[in-house]
Amino acid sequence: QVQLVESGGGSVQPGGSLRLSCAASGSIFSFNSMGWSRQAPGKQRELVATVTTSGYTHYAQSVEGRVTISKDNAKNTVYLAMNSLEPEDTAVYYCYAAVGYGANEYKYWGQGTQVTVSS
């Protein structure tokens, strides 16, 4: 059973920074990709950033230039560094790990960590 444990959320003022961590219970080499999604109150969950096994990264347009996803294979951990945070970034952030491809893709999810950006 895959377990993903997020940490690093919290409350910051606009313009602040946070770094989220997602520790996987097994080797992250077993996943095709890992990433972060977020869900704000009353809104659908949206993809924030993803990184593949080969290191390819993709970001949502809303966070491009402010967010960096990275991974430490030795620690089986994926990180999300967020800078210049805005109130619109307030959401529960979920880490995921994907196996399979296309219609056969399956994502494991973490329990989520709250990020609140407010003055």
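Residues numbered from 1 in each chain as written. Predicted model: local features only at pLDDT ≥ 70, side-chain atom pairs only at ≥ 80, totals over all residues. Heavy atoms only, no water.

A. Spatial organisation of the nonpolar core. In terms of nonpolar packing, the biggest core is built from 28 residues, with Met-34, Trp-36, Ile-69, Leu-80, Met-82 and Tyr-93 touching the most fellow members. At the level of secondary structure, the elements contributing two or more residues to this core comprise strand E3 (18-24), strand E4 (33-39), strand E5 (46-52), strand E7 (67-72), strand E8 (77-82), strand E9 (91-99) and strand E11 (113-117). With near-sequence residues (within four places) excluded, Leu-80 lies in contact with Leu-18, Arg-19, Leu-20, Trp-36, Val-48, Ala-49, Val-67, Thr-68, Ile-69 and Tyr-93. (Core = buried A, V, L, I, M, F, W, Y, C linked by side-chain atoms within 4.5 Å. Buried < 20%, exposed > 50% of the residue type's maximum accessible area, 1.4 Å probe, protein only. Helix = DSSP H or I, 4+ residues; strand = E, 2+ residues; numbered from the N terminus. Contact = heavy atoms within 4.5 Å.)

B. Spotlight on the pairing of E11. Burial of the side chains of E11 is restricted to one face: Thr-113, Val-115 and Val-117 are buried, whereas none of Gln-114 and Thr-116 on the reverse face is. Bridge analysis of E9 against E11 gives three bridges, and the strand direction is antiparallel. Within the sheet, the bridge partner assigned to Tyr-93 lies in E11 and is Thr-113. (Pairing = 2+ DSSP bridges.)

C. Expanded view of the packing of aromatic side chains. If you walk through the whole model with that rule in mind, you get two aromatic pairs. Judged by centre distance (5.4 Å) and plane angle (55 degrees), the ring pair of Tyr-96 and Trp-109 falls under tilted. Taken together, the residues span a long stretch of sequence, with Tyr-96 in strand E9 and Trp-109 in strand E10 (residues 106-109) at a distance of 13 residues. Residue class for Tyr-96 comes out buried when judged on its relative accessible area of 3%. Sitting over the ring of Tyr-94, Arg-45 keeps its end group 3.8 Å from the ring centre. The ring of Trp-109 carries Arg-45 above its face, with NZ or CZ at 4.6 Å from the centroid. (Phe/Tyr/Trp six-rings, centres within 6.5 Å; stacked < 30°, edge-to-face > 60°. Lys NZ or Arg CZ within 6 Å of the ring centre and 35° of its normal.)

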